[in-house]
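Each chain, letter by letter, is given below.
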Amino acid sequence: MEHCFRALFTTSLGIALVLFPLYLLYRACEKRLAPKYANDLFGMAYVALWVVWYAKCVWPDELGLLPFGPAYAPEAALREAPAAGPGWLEVAAWVWLAGIAAYLLSHIVPYVRFRLRVRRESRPASAETQRAFDRLLGGVAVDTTENWQKYVRVLPGLPGPMSIVLWPKCLLLDREDYDDAALDAILRHELVHACGRNVASHRFSWLLLGAIFWFVPTVWLFTREARRREEYTCDRDANAFSNREELRAYARAITALAAPRRREAFGTANMACGEAAL
């Protein structure tokens, strides 16, 4: 166990130092690269952080305590007497576990509080807004067996339109007096967030990755970058079949709504994502 913790800390920090220049290189060439390369880059980071740590634990080159691998030696556990009092590695392990708990609580508690607020204060959208949403469903690939009657709701006091991408999913409007073009852009964008391919699973994956490697700064950077790429993907998928005029209307609506940045809870997607994400 001691060997695994040592491998976790040293390998994670070492890979972080290697990936940070790669991240800076990607940001410098971001406009020249297709989104596919961003996904490949994040995938390699995820795999590297896990595979290297697993390899160092499965094939330990020092203690040889695991019952497999070329270094397995059952008598190795008796070579050293246990030290008096907790060592630095044990203290670091407890700090790591406390960091995991704090990271998860800082994400899950705000999400639960927001879900309770939605249950208490939101109301179903008006019949006119629901009709606009029903017309949109005809041009978007979603499961038509779902009950969409209460999918769109209104929650006064929100910083802007948003969606809940975890189950049960929901589209939330701060008000209903948007013009037709703006309402179409809002519903289209947030529907792709809520029903997009693998959005929820990606959110959970990055939550677990961030919790385990909370002490690695590069993981925080990649988590934020993955959130930005999710917004770009939603914009692309929401306009896959739009004509030029619809693209202009969508761009105007998104620009107006995304300018004031607001903090979003885990499991939600807020259109107020800031000018930097435009």
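Residues numbered from 1 in each chain as written. Predicted model: local features only at pLDDT ≥ 70, side-chain atom pairs only at ≥ 80, totals over all residues. Heavy atoms only, no water.

Points about the overall build of the chain
The helix and strand inventory of the chain stands at eight helices and five strands. Each helix and strand of the chain, ordered N terminal to C terminal, gives the series α-α-α-β-α-β-β-β-α-α-α-α-β. Every one of the 278 residues in the chain was classed for burial, and the buried ones make up 43%. Taken as a whole, the chain presents about 16,300 Å² of accessible surface, with 62% of it coming from carbon and sulfur. (Helix = DSSP H or I, 4+ residues; strand = E, 2+ residues; numbered from the N terminus. Buried < 20%, exposed > 50% of the residue type's maximum accessible area, 1.4 Å probe, protein only. Areas by Shrake-Rupley, 256 points an atom, 1.4 Å probe, with all protein chains shown as cover.)

Concerning the side chain of H189
The topology assignment puts H189 in helix α5 (residues 180-195). On the basis of relative accessible area, H189 is assigned to the buried category, the value being 2%. Among the polar contacts made by the side chain of H189, one reaches the side chain of E231 at a distance of 3.0 Å. Among the polar contacts made by the side chain of H189, one reaches the side chain of D235 at a distance of 2.9 Å. Ignoring sequence-local partners within four residues, the contact set of H189 consists of E231, C234, D235, A238, Y250, I254 and M271. (Polar contact = N/O pair within 3.5 Å; in protein donor to acceptor, adjacent residues only side chain to side chain. Contact = heavy atoms within 4.5 Å.)

Topic: the nonpolar core
Generally speaking, a soluble globular protein has its nonpolar side chains buried in company with each other. Ranked by internal contacts, the top residues of the largest apolar core, which has 34 residues, are F114, I164 and L172. Those elements that place two or more of their residues in this core are α1 (2-28), α3 (88-121), β3 (162-164), β4 (170-173), α6 (199-212) and α7 (217-238). Per-element tally for this core: the top contributor is α3, with seven residues. With near-sequence residues (within four places) excluded, L172 lies in contact with F114, V118, R153, L158, P161, M162 and I164. If you look at the next biggest cluster of nonpolar residues, it comprises 26 residues, including L137, A182, I186 and A253. (Core = buried A, V, L, I, M, F, W, Y, C linked by side-chain atoms within 4.5 Å.)

A few points about the sheet that holds strand β2 (residues 152-154)
Read from one edge to the other, the open sheet built from five strands follows the order β1-β2-β4-β3-β5, with strand pairing classed as mixed. On the outer flanks of this sheet lie β1 (123-124) and β5 (268-270), each paired with one strand and no other. Summarising the sheet, β3 and β4 pair through three bridges and their orientation is antiparallel. Directly across from M162, in β4, lies its bridge partner L172. (Pairing = 2+ DSSP bridges.)

Quick look at the packing of aromatic side chains
One pass over the full model with this rule turns up five aromatic pairs. A ring pair is formed by F133 and Y151, whose centres lie 5.9 Å apart and whose planes are at 15°; its orientation type is stacked. With F133 in helix α4 (residues 127-137) and Y151 in the loop between α4 and β2, the pair connects residues that are 18 residues apart, well separated along the chain. One exposure class covers both F133 and Y151, and it is buried. Centroid distance W214 to F215: 5.8 Å. Interplanar angle 85°. Geometry classified as edge-to-face. When the ring centre of Y178 is taken as origin, the NZ or CZ atom of R175, which lies over that ring, is 4.0 Å away. (Phe/Tyr/Trp six-rings, centres within 6.5 Å; stacked < 30°, edge-to-face > 60°. Lys NZ or Arg CZ within 6 Å of the ring centre and 35° of its normal.)

Focus on the environment of P110
In this fold, P110 is placed in helix α3. Measuring from C-alpha to C-alpha, the distance between P110 and F266 comes to 7.3 Å, with 156 residues separating the pair along the chain. Look past the residues within four positions of P110 in its chain and what remains in contact with it is L105 and A265.

Remember, this is a structural readout, not a statement about activity or role.
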